[in-house]
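Chain and residue survey
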Amino acid sequence: MGYVKFDRNNMSNLEVSLSKEMLRTNRRGAYHASTILNCNTRKYHGLLVVPNSFADEHSSVLLSSFDETVIQHGAEFNLAVHKYQDGTVAPNGHKYIREFDIDTIPKILYRVGGVILSKELIFAANSNRVLIRYTLLDAHSPTTLRFRPILAFRSTKELTSENNAINWNFKEVENGIMMNLYEGYPELYMQFSSPVTWSHMPVWYKGFLYERELERGHACTEDLPNPGYFECNIKKGQSIIFAAGDAPVSPKELDDIFEKNIEQRTPRNNFTNCLINAADQFYLQKNNDKHYLLAGYPWFGIRARDQFINLTACTFGIGKPERFDKIFNTAWPAIHHFMKTGEGDKDIIGIEAPDTLLWVITSIQDYMKWRGIDETRSKFGERVREMIRYLMDSRHPMMRRMENGLLYTISKDRSPITWMNSKIDGHSIVDRQGYIVEFNALWYNALCFCRELFDITDDTYTHLIEKVAESFVRVFVNEHNYLFDYVCEGRSQDWNVRPNMIFATGLKYSPLSRDMQRAVLDITTKELLTPKGLRSLSPKSPDYKGYCNGTLRERAYASVQGAVWPWLMYPYLSAYLKLFKHSGISFVERLLISFEDELTLHGIGTISEMYDGTPPFVGRSGISYAGSVSAILRIQNRLNDYYMEEDLMNIQR
């Protein structure tokens, strides 16, 4: 039995099955995403979604879905599931599903009378191509399969409706056809491993409903074109493979392509392997020489802060350390260019954010854990020096080093400058300006790391570090023994209990005494900790909103006023292990259990971006978020270090 598996009862219950989403990518920007029923509930869902620089900066949904029909004795049994704007669900293919298994690749088993049909899906690793293998496991009568492609040819940000601009023409290719509905979009090749017949019968299917868009307050219905259908006869024991891509393929190669892609997959047969697969999917390679980490799926781009927070976990943490250098070396010219000119980057969003360089330095510090101090100094030492000097000289357009040694950050237009960047009507929901607690915790950590990297004994540098530590305590520690979230000159301090103070405890170097670190950890545990991460605001605050649902405004507000963020679990649990060491292991292990449960609740095999701050802590927003996945991977790596230490001590005894 597979590690992630759903039986007939799960699959036939629409309330359950339509809440579970599945994602597959090819590490080149293309992906397949839908629910486990293959009933699309988001405008971002599609069987084949590919990058399209010709239309706009967003990806394009080419093939929305591929509807199957089993035909015996003239009777048709439709296996597809769609939901329409009047609430109708049709066809009702979920009634024929017996089980869904996602161990190595997604596999659905259908039973229609005496027919047992398996459907296996895989996304090709080196091309923008999705493949589906249908195998007739049992049948007592002649069986025909009919396949009806539901096309889209639109941006993931848009919806379409019936129109006269569509180009219904098709071109025959080997065992299939090619179509391109609108100018500026890639061609779509639909081919089979065996000969099929094509019946060209263009029609519009109207009123598809996307429930997740409805919940989010967005446009949620559209019309989609169906140009006709493929048909073939199939015998018991026979398999046929369907391939959809933006380039043709030789049908003779489809069996080998399918099998080779299976061999390359890490089975999702345990918690760690699920996380490794999820982390691997954030890797993005452009034009063979540009390498990045996406912040998540399905709508996130390449974000500088996220990329460097997650870099070691999504490279070293999944056994692919070579990617660290590739991603870092792609980003460094943009970082260096910003430090010289103040200009951002067209590919990496947020290079100009005031905390980006601090996260870059932290990623190099993490690199040292894997490669040692000598290699880190040799490869990245001068870059660390350059970034430290840049920040010390107050050259960042939004941040300056004050006389007290701390970093003070102001955006001229009062736009968001931290990770808590949600806005309503163009204004920050949480206007974090001035002395920002995690910025200065990162700053102190960066200065100490630089001293360690170069073994600096200079009295002036040591005095600066001591000055920063003293100033940090004086500015941020309040009378109730926790930290202000930010302190802005001319304005009162922010007394809200927020999770950002945990970085002053969770980072390797802390400006706080051990007792103060314990106090910060205690209040974080009491007011912010949940089984899914840390709340963005204490429930004791009058501004707290525990549920991240409702309108766009309500969701934006809740995201920084109560939503739970799993990515913050890493600094929290790091702090816990730092303070309690081996005695804290059992506590950390217990907290990880809820994340193992999560692998079957929202994004299958992965972890969502955020959760409600109030039980039952429902997953919200992006179905797969790099920060969430990498946080748990990093904690597991920390635990592995402790396990190794325990094994060594046992041997020595």
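In what follows, the structure referred to is the one given above.
Let me sum up the structure you'll find in this document. (Residues numbered from 1 in each chain as written. Predicted model: local features only at pLDDT ≥ 70, side-chain atom pairs only at ≥ 80, totals over all residues. Heavy atoms only, no water.)

**Some remarks on helix H8 (residues 356–371)**
Between its first and last C-alpha atoms H8 spans 23 Å; for 16 residues at 1.5 Å apiece the expected length is 22 Å, and the two agree. Positive backbone phi, approximately 90°, marks Gly372, located one or two places after H8. (Helix = DSSP H or I, 4+ residues; strand = E, 2+ residues; numbered from the N terminus. Expected span 1.5 Å × (residues − 1).)

**A look at the sheet that holds strand E10 (residues 107–112)**
Neighbouring strands of a sheet are bound in pairs by backbone hydrogen bonds; such pairs are parallel or else antiparallel. Taking strand neighbours across the sheet as the criterion, the nine strands line up as E1-E9-E10-E11-E12-E19-E16-E15-E14 in an open arrangement whose pairing is antiparallel. Edge positions in the sheet fall to strand E1 (5–7) and strand E14 (170–173), since each has one partner strand and no second. Pairwise comparison of adjacent strand axes, ignoring direction, gives a mean angle of 15° for this sheet. In this sheet, strand E19 (residues 239–245) lies alongside strand E12 (residues 129–138) in antiparallel orientation, the contact comprising seven bridges. For Leu131, the partnering residue across the bridge sits in E19 and is Ala243. Against the sheet, helix H4 (residues 254–264) contacts strand E11 (115–123), E12, strand E16 (188–192) and E19, and its axis sits at roughly 100° relative to E12. (Pairing = 2+ DSSP bridges. Axes fitted to C-alpha atoms, helices over the stretch in contact; angles between N-to-C directions. Contact = heavy atoms within 4.5 Å.)

**Things to note about the packing of helix H7 (residues 322–341) against helix H9 (residues 373–392)**
Put simply, H7 and H9 touch, their axes get as near as 12 Å, and they point 30° apart. Between H7 and H9, the angle falls in the class roughly parallel. Both H7 and H9 take part in a crossing whose hand is left-handed. Here Phe324, Asp325, Phe328, Asn329, Trp332, His336, Phe338 and Met339 of H7 lie close against H9, whose contacting residues are Lys379, Phe380, Arg383, Glu386, Met387 and Tyr390. (Parallel < 35°, antiparallel > 145°, perpendicular 65-115°, else oblique. Left-handed = near helix turned anticlockwise from the far one by under 90°.)

**As for the packing of aromatic side chains**
By the definition in use, this model includes 43 aromatic pairs. Between Trp419 and Trp565 the ring centres are 5.1 Å apart and the planes differ by 80°, which places this aromatic pair in the edge-to-face class. One end of the pair, Trp419, is in the loop between strand E24 (407–409) and strand E25 (423–424); the other, Trp565, is in strand E31 (residues 564–565), and 146 residues separate them in sequence. Look at Trp419 and you get buried, because its relative accessible area is 11%. Their ring planes at 40° and their centres at 5.8 Å tell us that Phe503 and Trp567 sit as a pair that is tilted. With a gap of 64 residues between them, Phe503 in helix H12 (residues 503–506) and Trp567 in the loop between E31 and helix H15 (569–580) connect regions that are remote in the sequence. Accessibility expressed as a relative area gives 4% for Phe503, which makes it buried. Over the aromatic face of Tyr283 sits the side chain of Arg323, whose NZ or CZ is 3.8 Å from the ring centroid. The lysine or arginine in question, Arg385, covers the ring of Phe454, its NZ or CZ lying 3.6 Å from the ring centre. (Phe/Tyr/Trp six-rings, centres within 6.5 Å; stacked < 30°, edge-to-face > 60°. Buried < 20%, exposed > 50% of the residue type's maximum accessible area, 1.4 Å probe, protein only. Lys NZ or Arg CZ within 6 Å of the ring centre and 35° of its normal.)

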